Amino acid sequence: MSISASPATADLITGLLIDRFDVAPAAVRPDARMTELLVDSLMVVEMAITLKDELGVDATEDELREITFAEFTARVDERRAG
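Residues numbered from 1 in each chain as written. Predicted model: local features only at pLDDT ≥ 70, side-chain atom pairs only at ≥ 80, totals over all residues. Heavy atoms only, no water.

Colleague: What am I meant to see in the pattern of salt bridges here?
Modeller: Oppositely charged side chains can form a pair if their charged atoms are brought close together. Counted under the stated rule, the structure contains seven salt bridges. With a closest N to O distance of 3.0 Å, arginine 29 and aspartate 31 form a salt bridge. Across the pair arginine 65 and glutamate 61 runs a salt bridge whose closest N-O atoms are separated by 3.7 Å. Here glutamate 61 and arginine 65 lie together in helix H4 (residues 61–66), a separation of four residues that amounts to about one turn. Shared partners join several salt bridges into a network, and the residues in it are Arg29, Asp31 and Glu36. (Salt bridge = Lys/Arg side-chain N within 4 Å of Asp/Glu carboxyl O. Helix = DSSP H or I, 4+ residues; strand = E, 2+ residues; numbered from the N terminus.)

Colleague: Explanation requested: unusual backbone geometry in the structure shown.
Modeller: Glycine aside, residues mostly have negative phi angles, and peptide bonds mostly take the trans form. Positive phi, close to 55°, is recorded for aspartate 22, a residue that is not glycine. With respect to the element layout, aspartate 22 can be found in the loop between helix H1 (7–21) and helix H2 (34–37).

Colleague: Mind showing me how you'd approach the nonpolar core here?
Modeller: Considering soluble globular proteins, one finds that nonpolar side chains tend to be buried as a cluster. Core analysis: the biggest nonpolar cluster contains 22 residues, and Leu17, Leu38, Met47 and Phe72 have the highest contact counts within it. For this core, the elements supplying multiple residues, two or more each, are H1, H2, helix H3 (41–55) and helix H5 (69–81). With five residues, the top contributor of residues to this core is H3. With residues near it in sequence (within four places) discarded, phenylalanine 72 still touches Ile13, Met34, Leu51, Ala59, Leu64 and Ile67. (Core = buried A, V, L, I, M, F, W, Y, C linked by side-chain atoms within 4.5 Å. Buried < 20%, exposed > 50% of the residue type's maximum accessible area, 1.4 Å probe, protein only. Contact = heavy atoms within 4.5 Å.)

Written out as structure tokens, the structure reads:
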């Protein structure tokens with residue numbers, strides 16, 4: 001499995017993290033764990049809902065807790081591609 005996403009998907013998710021979740025831009029790195037970026041349970045749930053509403057992509061809360069930003073953006077990219 002590739003762990004790289006298209007720049008557009010990575011940019012969209014970065015934008016969501018910064019604009020909606022007040023994540024510091026410097027914190028959004030490929031190796032950052034999603035739990036470092038979404039620091040509490042409510043943020044994890046909100047991100048899952050936001051992805052569904054904004055991109056039409058399902059993401060589980062467990063998924064958001066277990067992987068890095070790069071892995072997560074690659075999964076979202078794959079799901080967006082269909």
